[in-house]
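# Topology and contacts: notes
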Amino acid sequence: MLIYAHRGARGYAPENTMAAFKKALSLGADGIELDVQRTKDGEIVICHDHTVDRTSDGHGWIKNFTLARLKALDFGGWFSPNHKGETIPTLAEFLDWYKDTSLYLNIEIKNGPVLYSGIEQDILELIKHILPDWQDMLPRIILSSFYHPSLSAVKDIDARFATGLLYSSRPMDPVRLAKEIDANYLHPHWHYLDPIWVKAALDAGIGVNAYTVNTQEELSYIRQFQLNGIFSDFPDRASAF
Ligand code: G3P
Ligand code: MG
């Protein structure tokens, strides 16, 4: 079972910053999960929320910021004084660091409530441009989203990229949904793991990765399922378990 550091190792460093990604690597995580948004001037940046309010010293919607203005904000001080001065990473900056690692990668496309039309194309172009061996790296990369049209868009652009169908409630038939849009993985919140659907997914060649598994109780619970991976804020806890 692969352990993905959720938003980087966000239990130990400010989420979705290079400090969090480097921490994940040093803790021995198998992979990294991160979230992407798009700026006013079309740059893909890594941030969970559509606004900067919670994770920086600024205010407002990312879609209304130019990259230069976003880069002037502090994305670390809210987490701890030691991390003051962390800046928002672009996906390009991240990929430039990532290309020399052997980590797995889950890029979560944050489409909705702000809709970033064409963001899927922007992301695939960056991957192809920055990762010289991107075709060899495809088995290590998943694009996921709660906004399922984005997963179809990825497949329309280049069906070789694996997609993960995120859900935080219980679809009637998640496996049928995944098949309809050729998704390669189910990405349920762990509350919605169900032995019947996990088995049905695996029988259909669809993998299952669950989020966000942090406590010992949660880790014990998910052990009963044959998961491909989990997302954890504390990747070291999960791998020690
Ligand atoms: O991709 C798994 C997980 O990150 C989904 O939820 O809200 O933490 O992005 P969220
Ligand atoms: Mg996420």
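For the structure, see preceding data.
Residues numbered from 1 in each chain as written. Chains lettered and ligands numbered in written order. Predicted model: local features only at pLDDT ≥ 70, side-chain atom pairs only at ≥ 80, totals over all residues. Heavy atoms only, no water.

### Brief notes about the coordination of the magnesium ion (ligand 2)
As a reminder of what qualifies: Coordinating donors are taken as N, O and S atoms within 2.8 Å of the metal, stretched to 3.2 Å for Na, K and Ca; because water is absent from the atoms, sites can appear incomplete. For every residue, the accessible area (1.4 Å probe, protein chains only) is compared with the maximum for its type, and the residue is labelled buried under 20%, exposed over 50%, or partly exposed between those bounds.
Protein-derived coordination of the magnesium ion (ligand 2) comes from Glu33 (OE), Asp35 (OD) and Glu108 (OE), at a distance range of 1.9 to 2.1 Å. Summarised as a motif, the one-chain spacing of the donors to the magnesium ion (ligand 2) is E-x1-D-x72-E. No difference in accessibility class separates Glu33 from Asp35, as the two residues are buried.

### Details of the nonpolar core
Put simply, the test is: Buried Ala, Val, Leu, Ile, Met, Phe, Trp, Tyr and Cys residues that are joined via side-chain atoms within 4.5 Å together make up what is termed a nonpolar core. Two residues form a contact once any of their heavy atoms are found within 4.5 Å.
Ranked by internal contacts, the top residues of the largest apolar core, which has 45 residues, are Leu34, Leu91, Phe94, Tyr98, Ile123 and Ile127. Discounting residues that sit within four places of it in the chain, Ile127 has contacts with Leu95, Ile107, Trp134, Ile141 and Phe161. Listed in part, the 24 residues of the second largest apolar core include Leu186, Val198, Ala210 and Ala238.

### Here's the deal with the pairing of strand E6 (residues 162-167)
Within a regular strand, side chains alternate between the sheet's two faces. Rules: Put simply, DSSP H or I for four residues or longer makes a helix, DSSP E for two residues or longer makes a strand, and each gets a number counted from the N terminus. Pairing between strands is defined by DSSP: at least two bridges between the two strands are required. By definition, the crossover connecting two strands over a helix is right-handed if that path, from the first strand to the second, turns clockwise as seen with the strands pointing away from the viewer.
Across the six residues that make up E6, a large majority, six, are buried. Residues Ala162, Gly164 and Leu166 of E6 are buried on one face, and the alternating residues Thr163, Leu165 and Tyr167, pointing to the opposite face, are buried as well. Pairing of strand E5 (residues 141-145) with E6, which is carried by four bridges, proceeds in the parallel orientation. What sits directly across from Leu143, in E6, is Thr163. Each parallel crossover has a hand, and the one from E5 via helix H6 (residues 148-157) to E6 is right-handed.

### Regarding empty space enclosed by the protein
As a reminder of what qualifies: Only protein atoms enter the 1 Å grid used here, on which a cavity is any set of points holding a 1.4 Å probe that cannot leave and a pocket is any open set flanked by protein within 12 Å on both sides along at least five of seven lines; residues with an atom within 4 Å of a point are listed as lining. Grid points are joined across faces, edges and corners, and a volume is the space filled by probe spheres set on the points. Classification convention: Asp, Glu, Lys, Arg as charged; Ala, Val, Leu, Ile, Met, Phe, Trp, Tyr, Cys, Pro as nonpolar; all other residues, Gly among them, as polar.
Using the criterion set out here, one finds one cavity of 30 Å³ or more in the structure. Considered as a void within the structure, the largest cavity measures approximately 40 Å³ in volume. Along the walls of the largest cavity sit Glu15, Asn16, Thr17, Ile46, Cys47, Thr55 and Phe75, which together make up its complete lining. Here the residues of the lining of the largest cavity are counted per class, giving three nonpolar, three polar and one charged.

### Digging into the pattern of salt bridges
Close approach of charged atoms lets side chains of opposite charge pair. Just so we agree on the cut-off: For this document, the term salt bridge refers to a Lys or Arg side-chain nitrogen within 4 Å of an Asp or Glu carboxyl oxygen.
One pass over the structure, following the stated rule, counts 16 salt bridges. Residues Asp233 and Arg10 are paired through a salt bridge, measuring 3.2 Å at the closest nitrogen-oxygen approach. Separated by 223 residues along the polypeptide, Asp233 in the loop between strand E9 (229-232) and helix H10 (235-240) and Arg10 in the loop between strand E1 (2-6) and helix H1 (18-27) bring together distant segments of the chain. Note on Asp233: relative accessible area 7%, which makes it buried. In this structure, Asp158 engages Lys128 in a salt bridge whose closest nitrogen and oxygen atoms are separated by 2.7 Å. Note that Asp158 is positioned in the loop between H6 and E6 and Lys128 in helix H4 (residues 119-130), a separation of 30 residues in sequence.

### Considering the site of ligand 1
Test applied: We call a residue near a molecule or strand as soon as one heavy atom of that residue lies within 4 Å of the molecule or strand. Whenever two N or O atoms come within 3.5 Å, that pair is a polar contact, provided that in protein one can donate a hydrogen and the other can accept it, and provided that, for residues adjacent in sequence, both atoms are side-chain atoms. Throughout, the Shrake-Rupley method with a 1.4 Å probe supplies accessible areas, and for residues the shown protein chains are the sole cover considered.
Near ligand 1, the surroundings consist of His6, Arg7, Glu33, Asp35, His48, Glu108, Lys110, Phe146, Leu166 and Tyr211. Between ligand 1 and His48, the relevant distance is 2.7 Å, taken from an oxygen atom to a side-chain nitrogen or oxygen of the residue. Contacts to ligand 1 include Glu108, whose side-chain N or O atom sits 2.7 Å from an oxygen atom. Notes on ligand 1: free accessible area 290 Å², of which the protein chains cover 91%. Counted by class, the shell around ligand 1 contains three nonpolar, two polar and five charged residues.

### Topic: the packing of aromatic side chains
To keep it simple, the criterion reads: Centres within 6.5 Å are what make two rings of Phe, Tyr or Trp a pair, Trp counting through its six-membered ring; a difference in plane orientation under 30 degrees is then read as stacked, over 60 as edge-to-face, and the rest as tilted.
In the structure shown here, the tally under the stated rule is 10 aromatic pairs. Centre to centre, the rings of Tyr12 and Phe234 are 5.4 Å apart; their planes meet at 90°, and the pair counts as edge-to-face. Of this pair, Tyr12 sits in the loop between E1 and H1 while Phe234 sits in the loop between E9 and H10, placing them 222 residues apart in sequence. The partly exposed category is assigned to Tyr12, whose relative accessible area is 29%. For the ring pair Phe146 and Tyr211, a centre distance of 6.0 Å and an interplane angle of 80° mean the geometry is edge-to-face. One end of the pair, Phe146, is in the loop between E5 and H6; the other, Tyr211, is in the loop between strand E8 (207-210) and helix H9 (216-222), and 65 residues separate them in sequence.

### Re unusual backbone geometry
Cis geometry is found at the peptide bond from Gly112 to Pro113, where omega equals 5°. As for its placement among the helices and strands, Pro113 is situated in the loop between strand E4 (104-109) and H4. The backbone of Arg7 shows a phi angle near 55°, a positive value even though the residue is not glycine. Residue placement: Arg7 occurs in the loop between E1 and H1.

### Things to note about the packing of H4 against H6
What counts here: Angles run from 0 to 180 degrees between N-to-C directions of axes, and those axes are lines fitted to C-alpha atoms, restricted for helices to the stretch in contact. By definition in this entry, angles of less than 35 degrees are roughly parallel, angles greater than 145 are roughly antiparallel, angles of 65 to 115 are roughly perpendicular, and the rest are oblique. Left-handed describes a crossing whose near helix is turned anticlockwise from the far helix by less than a right angle; the clockwise case is right-handed.
Remark: H4 packs on H6, axes separated minimally by 9 Å, with the N-to-C direction vectors making an angle of 50°. The angle between H4 and H6 falls in the class oblique. When the axes of H4 and H6 are compared, the crossing they make is right-handed. Residue-level inspection shows Glu120, Gln121 and Leu124 of H4 in contact with H6, the latter providing Ser150, Ala153, Val154 and Ile157. Of the residues assigned to the contact of H4 with H6, the class counts are four nonpolar, two polar and one charged.

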